[in-house]
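Fold and geometry: a report
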Amino acid sequence: MPSILILEDDITFSLMLKTWLGRKGFEVSSVSSVSDARSRIEDASFDLILSDLRLPDGDGIDLLKWIKENNFVIPLIMMTSYAEIQTAVQAIKLGASDYIAKPLNPEELLGKIKDVIKTETGSVASRNVLRVQPNVPNCREERIASMWRDRAKLPASSTSMYVWLLRQICLC
């Protein structure tokens, strides 16, 4: 049974997500701070982390940096109510598997979770093969910003398409 760590400071949302994912066949743990998440990651093994962006003692970006610095190989999906292009680019560059805006579509989230876990349990995870390009031209940032602004015109399920496009533009 795949294990998921939820890092979310909204206790009601965290409990709802934990219960729903448990019913979908996942073993789920939850924490409400970056420091608690670090302790849990050091003590237990997880197949995936679902992390909120803004948290009381830091943010999901801090956790991504810590995961990378400590050489943990755990996929992370960033969840946020504050979807901003700079944060999405930074999260993807730091190794986030996906970036999803709240409110979440449960079936879309479940699809992303299954895709990430399936990818990670394969022979080589695509995000571990990718490397950041050293000199990304400014025109790419403008294209990313334009695509991100246009995402509101598309259905919620198209958000993952933008994450894919961000990876194609920012990573090689």
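First, a word on scope: everything that follows refers to the structure included in this document. (Residues numbered from 1 in each chain as written. Predicted model: local features only at pLDDT ≥ 70, side-chain atom pairs only at ≥ 80, totals over all residues. Heavy atoms only, no water.)

Read from one edge of the open sheet, five strands run β2-β1-β3-β6-β7, paired in parallel fashion. Looking at which strands have only one partner, the edges of the open sheet turn out to be β2 (27-31) and β7 (98-101). Looking at each pair of strands side by side, their axes are set apart by 20 degrees on average, direction ignored. Direction of pairing for strand β6 (residues 76-80) relative to β7: parallel, over a ladder of four bridges. The residue of β7 that forms the bridge with isoleucine 77 is aspartate 98. Against the sheet, helix α3 (residues 60-69) contacts β1 (3-7), β3 (48-52) and β6, and its axis sits at roughly 165 degrees relative to β6. (Pairing = 2+ DSSP bridges. Helix = DSSP H or I, 4+ residues; strand = E, 2+ residues; numbered from the N terminus. Axes fitted to C-alpha atoms, helices over the stretch in contact; angles between N-to-C directions. Contact = heavy atoms within 4.5 Å.)

Buried within α3 are the following residues: Gly60, Ile61, Leu63, Leu64, Trp66 and Ile67. A side-chain oxygen of the first residue of α3 lies 3.0 Å from the backbone nitrogen of isoleucine 61; this N-cap is aspartate 59. Two residues or fewer past α3, asparagine 71 is found with a positive phi of approximately 60 degrees. (Buried < 20%, exposed > 50% of the residue type's maximum accessible area, 1.4 Å probe, protein only. Polar contact = N/O pair within 3.5 Å; in protein donor to acceptor, adjacent residues only side chain to side chain.)

On to the side chain of aspartate 52, then. If you trace the backbone, aspartate 52 turns up in strand β3. Judged by relative accessible area, which is 7%, aspartate 52 ranks as buried. A polar contact is formed between the side chain of aspartate 52 and the side chain of lysine 102, at a distance of 3.3 Å. Excluding residues that lie within four positions of it along the chain, aspartate 52 makes contacts with Leu7, Glu8, Asp9, Gly60, Met78, Met79, Thr80 and Lys102.

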